[in-house]
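Chain and residue survey
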Amino acid sequence: IVLADNEHAITETIVGAKNVRRVSAVYAGPTSGFEIVHGLVDRIMTLTEVAPGGDYIKATQGAGGSMGEEEQFRVSRDGWTYEVKALDEDAEEIGTYFPGRAAMVTLRKPGVEEEIVLGTFGILHPNVLKNFDVSYPASVMELDLAPLL
């Protein structure tokens with residue numbers, strides 16, 4: 001459960017601290033677990049009542065998925081959609097992930113013209129795994145929950 005914190009959203013102090021609502025997860029095992037982390041992103045978006053966008057549904061159906069069939073039963077807020085897109089090559093997180101194995105999650109909501117980047121997920125680069133002494137392939141996701149509240 002995520003509760004709104006309008007009273008303490010930004011603290012005006014010398015250090016400039018502020019409350020940030022993020023969710024993050026790591027899967028490490030014999031396989032990278034990319035599909036597990038991707039499924040977690042989809043589940044979080046479903047629980048926050050944000051529907052997948054049209055391009056994302058088409059891409060999933062093209063990959064043999066059945067997401068289109070369940071859309072008629074989805075509970076979602078009007079006009080709120082998300083897309084999963086390949087991570088831009090100029091994104092600051094690009095070095096974190098294995099090349100070509102990362103995605104960003106974007107949000108469209110009523111009253112906001114531009115897409116909001118909620119976060120990223122992907123397979124961690126071998127150098128990152130080495131730096132943290134992780135001996136298994138791993139996938140990670142991080143999403144900013146504030147735009148979803």
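Read on for a plain summary of the structure. (Residues numbered from 1 in each chain as written. Predicted model: local features only at pLDDT ≥ 70, side-chain atom pairs only at ≥ 80, totals over all residues. Heavy atoms only, no water.)

Here we take up the overall build of the protein chain. Helix and strand counts for the protein chain come out as 4 helices and 6 strands. Ordered by position in the sequence, the α and β elements of the protein chain form the string β-α-β-α-α-β-β-β-α-β. Total accessible area on the protein chain stands at roughly 9700 Å², and carbon and sulfur atoms take up 53% of it. (Helix = DSSP H or I, 4+ residues; strand = E, 2+ residues; numbered from the N terminus. Areas by Shrake-Rupley, 256 points an atom, 1.4 Å probe, with all protein chains shown as cover.)

Moving on to a nonpolar patch on the surface. On the surface, Phe132, Val134 and Tyr136 cluster together into a nonpolar patch covering about 340 Å² of accessible area. One can find valine 134 in the loop between α4 (126-131) and β6 (138-144). Residue classification places valine 134 among the partly exposed residues on the basis of a relative accessible area of 34%. (Patch = residues over 30% accessible without salt bridge, like charges linked within 9 Å, V, L, I, M, F, W, Y side chains within 5 Å. Salt bridge = Lys/Arg side-chain N within 4 Å of Asp/Glu carboxyl O. Buried < 20%, exposed > 50% of the residue type's maximum accessible area, 1.4 Å probe, protein only.)

Looking at the secondary structure, you find threonine 120 in strand β5 (residues 116-124). The class of threonine 120 is buried, set by a relative accessible area of 7%. Not counting the four nearest positions on each side in its chain, threonine 120 is found in contact with Leu87, Glu93, Tyr97, Ala103, Met104, Val140, Met141 and Glu142. (Contact = heavy atoms within 4.5 Å.)

With that settled, consider the sheet that holds β6. Backbone hydrogen bonds hold the strands of a sheet together, and the pairing may be parallel or antiparallel. Across the sheet, 6 strands lie side by side as β1-β6-β5-β4-β3-β2; this open sheet has mixed pairing. This sheet does not close on itself; its edge strands, each paired only once, are β1 (22-28) and β2 (51-52). The strands that helix α1 (residues 34-47) touches are β1, β3 (81-86), β4 (97-108), β5 and β6; relative to β6, the one it contacts most, it runs at about 20°. (Pairing = 2+ DSSP bridges. Axes fitted to C-alpha atoms, helices over the stretch in contact; angles between N-to-C directions.)

A word on the pattern of salt bridges. According to the stated counting rule, one finds 3 salt bridges in the structure shown. A salt bridge links glutamate 115 to arginine 108; the nearest nitrogen and oxygen atoms lie 3.9 Å apart. Overall, the relative accessible area of 29% leaves glutamate 115 in the partly exposed class. Residues joined by salt bridges that share partners form a network here, namely Lys85, Arg108 and Glu115.

Let us look at unusual backbone geometry. Although it is not a glycine, glutamate 49 adopts a positive phi angle of roughly 60°. Its location among the elements puts glutamate 49 in the loop between α1 and β2. According to the relative accessible area criterion, glutamate 49 is partly exposed, its value standing at 36%. The phi angle at aspartate 133 is positive, at roughly 55°, despite the residue not being glycine. Residue position: aspartate 133 is located in the loop between α4 and β6. Relative accessible area serves as the criterion here: at 72%, aspartate 133 is assigned to the exposed category.

This part is about α1. Compared with the 20 Å implied by 1.5 Å per residue over 14 residues, the 20 Å span of α1 between its first and last C-alpha is a close match. Of all the residues in α1, the buried ones are Val37, Val41, Asp42, Ile44 and Met45. Buried positions in α1, seen along its axis, are confined to an arc of 160° and lie on one side of it. Relative to its buried face, α1 has exposed residues pointing more than 90 degrees away, namely Glu35 and Leu47. The positive-phi residue at the C-terminal boundary of α1 is glutamate 49, with phi of around 60°. (Expected span 1.5 Å × (residues − 1). Arc of directions from axis to C-beta.)

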